[in-house]
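Structure at a glance
Below, each chain spelled out in residue letters.
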Amino acid sequence: MRLPLLLALTVLAGTASLAQPGPHQKPKESRFQRQAPFPSLPTVTLDAVGNGWGVAQTWARAKNLQGRILWVDGTANLERVSSEPKIVNLVNRIAEVGFNTIVFDVKPIVGYTLYPSKLTDKLTTWKGQNLPKDFDPLKFMARECKRRGVTLLVSLNAFSEGHRIAKEALAGNRQDFGPKAGPGYDLPDQQTVLYEPVLEARVPFSSETYPIDPSTDRMPTSDRAISVITRADRTKNPPARAVGVVIDDRGAVIMIRTTETWDITAVPENGSLLVGVGKAGEYLIRNARMGFGIGYASKPTFVKISDRPEQQMPLMMNPHHPRVRERGLDFIREILTNYKDVDGVMFDDRLRYGGLNADFSDITRAEFEKLVGEKLTWPDDVFQFTYTPGLGRGIKPGKWYDAWMAFRAETIRNWVAEARSTIRAIKPDGLFGVYAGSWFGEYNKYGAHYGSSEFNAGFSFMTDGYRKAGFASELDLMISGCYYPRATIAEAMEKMLPAGRTVEAAGQLTNRAIRDEAWSYAGIMLMDFYNNREGLKRALQAAAGSTQGVMVFDLSHKIDDVWDIFRSAFKERKKAPHAQRGLIAEVRKRRAELDKLGVKEPPVIIREGAPGAGH
């Protein structure tokens, strides 16, 4: 049907007018500008727009406030805090170069404390370093920090009560990590329970299966399981009478060998080589057919973390267990009651779950079933692990997957709120902070939403339920580990490298995630800048440019080689924003006013970070 002529002309005229460009306006200067948050250091090119967002950022600059935090790891620095004179000299040096805050790790991941505690044993030995049993470093650290006007935060690991390296040392009859590996090993019922799949080989047109050796990339040592080789390595010759089946990236059989040697470089990318001897070899010969598939099936098992052959460094406990939760609060009570000069508490990166596959204990299952109101097919209604032919591990979400992710984050948030209340009950003006890795996109699998409950960004896991579990509003300060050897976004762009894997981009994301509910600080790792003094200077500028200050990790990382850099950077002395009691409440109030007025936030730029960065 034809449009009437007048209407057609009107439509065309409107389209033409829309297509015509208006007069050019004078453009703004580039967002990338030479700046120096530390004026005594060389300027660097920073993203002035991305770094300029937020009330906390604006007010900290206007009031000439800047966090300058040095982290003192408990185990790595055991001998540096092993006497009163050492602590006096250490705090003098830290204050003299211009740091205004110390985070002192007094309960490392092993679960023992550096101070005498009624809740656990005292840590006296680590990697050959010794701390006298009758010496209390926290007593003198608190005294000296108060004397020098340095804010002191004590670091605790909330849900970690043991260390794998210490356990392995004891298994080898070594005691250079102490006589015990952690109190959590004696509390198996409180340990986190992991969902660990047991793999089986599965063939088409048959219900017959055969177990897969859980240790990949090794030739079979028995006939009890099929070995899986995923890397092309000519040194991996099979044992006598072995059967080898090569499958491609779709699981289809492309080679069968029953000789004693073969060229396993024929294993394609994302494929694998299945090897069996004896009964396992007979299974392969009986079922392998050229062009047909052999895949993997998984059966869920639930194991305590200490029973896992390759446990991660920390022995993680169950955040749902009442005694675990109360024990974490007991450490707060003990420290703030006995050490009046301690300014506050900082929880390290073990304020979380042990991973995506934790916690699958009976306690947690009962809580979750109560929440959803039904008995579950466990764990399939949450998720199933899946495997590619090359043993890449994926997940198949179940009907309650999103609810499960939000449920775990809510559990951590609720405990953080309890910790905040515990601090206030003993020390009303006590500071409360958390450290976590900077790549926010990775922390959903740990159940730790350290951002604001009003933080809206395009992460796939950011459902309404998960978003509301943010706990930034309970904090005074948030430190993120922006542990990248490259400082600025501009530097990464010049070298055609991922811009998200820079100190600056990581700091920006942290500042946006916190959304004016706490002070945010970018952490840098000294180890990333060994023999790179100029890189360290740029990293300091990037950290302080993208957040309200910098945290330096760690005292043990050859800091004696770079004290002069900090002395130069901190030449102009500044107070930390978090030391201004009550100011963060005013920041939050102003953010709420802006929200009420409908002030629109700029989009959150999500640049992918590196998995594991900052852990």
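As a starting point, this report considers the structure included with it. (Residues numbered from 1 in each chain as written. Predicted model: local features only at pLDDT ≥ 70, side-chain atom pairs only at ≥ 80, totals over all residues. Heavy atoms only, no water.)

Focus on the overall build of the protein
Counting its regular elements, the protein contains 15 helices and 23 strands. Relative to the 2.2 N^0.38 estimate, which gives 25 Å for 615 residues, the radius of gyration of the protein is 28 Å and therefore close to what a compact globule would have. Residues classed as buried in the protein amount to 56% of the 615 residues present. In the protein, once contacts between residues fewer than 6 apart in sequence are set aside, the share between residues at least 24 apart is 74%. Averaging the locations of the 83 positively and 71 negatively charged side chains of the protein gives two centres separated by 4 Å. (Helix = DSSP H or I, 4+ residues; strand = E, 2+ residues; numbered from the N terminus. Rg over C-alpha atoms; globule rule 2.2 N^0.38 Å. Buried < 20%, exposed > 50% of the residue type's maximum accessible area, 1.4 Å probe, protein only. Contact = heavy atoms within 4.5 Å. Lys, Arg positive; Asp, Glu negative; His and termini not counted. Charge placed at Lys NZ, Arg CZ, Asp CG, Glu CD.)

Overview of the nonpolar core
By size, the foremost hydrophobic cluster in this structure holds 118 residues, and its most contacted members are Phe347, Leu540 and Phe566. Sequence-distant contacts of Phe347, that is, excluding residues within four places in its chain, are made with Leu156, Ala158, Ile332, Trp415, Ala419, Phe432, Gly433, Val434 and Tyr435. (Core = buried A, V, L, I, M, F, W, Y, C linked by side-chain atoms within 4.5 Å.)

As for helix H13 (residues 533-546)
The terminal C-alpha atoms of H13 lie 20 Å apart, and with 14 residues this matches the ideal 20 Å at 1.5 Å per residue to within 8%. The buried fraction of H13 amounts to 11 of the 14 residues, a majority that puts the element mostly inside the structure. The complete set of buried residues in H13 reads Gly535, Leu536, Lys537, Ala539, Leu540, Gln541, Ala542, Ala543, Ala544, Gly545 and Ser546. Its buried side turned inward, H13 meets strand E2 (44-47), helix H2 (55-62), helix H12 (503-514), strand E22 (519-525), strand E23 (549-553) and helix H14 (563-569). (Expected span 1.5 Å × (residues − 1).)

Let's talk about the sheet that holds strand E9 (residues 193-202)
Taking strand neighbours across the sheet as the criterion, the three strands line up as E10-E9-E15 in an open arrangement whose pairing is antiparallel. Every other strand in the sheet has two partners, leaving strand E10 (209-211) and strand E15 (295-304) as the edge strands with one partner each. Recorded for the sheet is a direction-independent mean angle of 40° between the axes of neighbouring strands. Note: E9 against E15, 10 bridges, orientation antiparallel. Each bridged residue has a counterpart across the sheet, and for Glu200 the counterpart in E15 is Ala297. Along the sheet, helix H6 (residues 279-287) contacts E9 and E10; its crossing angle with E10, the most-contacted strand, is approximately 145°. (Pairing = 2+ DSSP bridges. Axes fitted to C-alpha atoms, helices over the stretch in contact; angles between N-to-C directions.)

Focus on the side chain of Ser480
Tracing the backbone through its elements, the reader meets Ser480 in strand E21 (residues 477-481). Of the residues examined, Ser480 reaches a relative accessible area of 0% and is grouped as buried. Looking at Ser480, its side chain comes within polar contact range of the side chain of Thr510, at 2.8 Å. Other than its neighbours up to four places away in sequence, Ser480 contacts Tyr435, Ala436, Gly437, Ser438, Thr510, Tyr521, Ala522 and Gly523. (Polar contact = N/O pair within 3.5 Å; in protein donor to acceptor, adjacent residues only side chain to side chain.)

Observations regarding the packing of helix H8 (residues 362-372) against helix H9 (residues 401-426)
Direction vectors running N to C along H8 and H9 enclose 115°, while the axes themselves pass 11 Å from each other. The interaxial crossing formed by H8 with H9 has right-handed handedness. Residue-level inspection shows Thr364, Glu367, Phe368 and Leu371 of H8 in contact with H9, the latter providing Ala403, Trp404 and Phe407. Split by residue class, the contact of H8 with H9 holds five nonpolar, one polar and one charged. (Left-handed = near helix turned anticlockwise from the far one by under 90°. Nonpolar A, V, L, I, M, F, W, Y, C, P; charged D, E, K, R; others polar.)

Some thoughts on the pattern of salt bridges
Applying the stated criterion across every chain yields a total of 40 salt bridges. Glu200 is the salt-bridge partner of Lys299, the closest N and O atoms lying 3.5 Å from each other. On the criterion of sequence distance, the pair formed by Lys299 in strand E15 and Glu200 in strand E9 is long-range, its members being 99 residues apart. Residue Lys299 is classed as partly exposed on the basis of its relative accessible area of 47%. The class for Glu200 is buried, based on a relative accessible area of 12%. For Asp516, the salt bridge goes to Arg591, with nearest N and O atoms at 2.9 Å. Residue Asp516 is found in the loop between H12 and E22, and its partner Arg591 is found in helix H15 (residues 583-596); the two are separated by 75 residues along the sequence. On the basis of relative accessible area, Asp516 is assigned to the buried category, the value being 2%. (Salt bridge = Lys/Arg side-chain N within 4 Å of Asp/Glu carboxyl O.)

Considerations on the environment of Leu284
Among the structural elements, Leu284 can be located in helix H6. Exposure remark for Leu284: the relative accessible area of 1% places this residue in the buried category. Leave out the neighbours within four places in its chain, and Leu284 touches Ile226, Val243, Val245, Leu274, Val275 and Gly276.

Here we look at the packing of aromatic side chains
Scanning the model with the defined rule gives 39 aromatic pairs in all. The aromatic ring of Trp59 is capped on one face by Lys63, whose charged end is 5.9 Å from the ring centroid. Here the basic side chain of Lys558 rests over the ring of Tyr530, its NZ or CZ set 4.4 Å away from the ring centre. (Phe/Tyr/Trp six-rings, centres within 6.5 Å; stacked < 30°, edge-to-face > 60°. Lys NZ or Arg CZ within 6 Å of the ring centre and 35° of its normal.)

Remarks on the sheet that holds strand E13 (residues 253-257)
Spatially, four strands are ordered E11-E14-E12-E13 in an open sheet, and the strand pairing comes out antiparallel. The open sheet has two free edges, formed respectively by strand E11 (227-229) and E13, since each of these has just one partner strand. Averaged over all pairs of adjacent strands, the angle between their axes in this sheet comes to 20°, without regard to strand direction. Of the strand pairs in this sheet, strand E12 (residues 243-247) and E13 are connected by four bridges, and their pairing is antiparallel. The partner of Gly244 across the bridge, within E13, is Arg257.

Section: the packing of helix H7 (residues 322-338) against H9
Relative orientation of the contacting elements H7 and H9 amounts to 25°, with a least axis distance of 10 Å. Taken together, the axes of H7 and H9 are roughly parallel relative to one another. In the packing of H7 onto H9, the handedness of the crossing is right-handed. Along its contact with H7, which presents Arg325, Gly328, Leu329, Ile332, Arg333, Leu336 and Thr337, the element H9 presents Thr411, Asn414, Trp415, Glu418, Ala419, Thr422, Ile423 and Ile426. In the contact of H7 with H9, the residues fall into seven nonpolar, five polar and three charged. (Parallel < 35°, antiparallel > 145°, perpendicular 65-115°, else oblique.)

Description of unusual backbone geometry
Geometrically, the link from Ala358 to Asp359 is a cis peptide bond, its omega value of 0° lying close to zero. On the secondary structure map, Asp359 appears in the loop between strand E17 (344-347) and H8. The linkage connecting Phe553 with the following residue, Asp554, adopts the cis geometry, with an omega of 15°. Following the sequence through the fold, Asp554 ends up in the loop between E23 and H14. With phi around 65°, Phe205 is a residue other than glycine that occupies positive phi space. Tracing the backbone shows Phe205 in the loop between E9 and E10.

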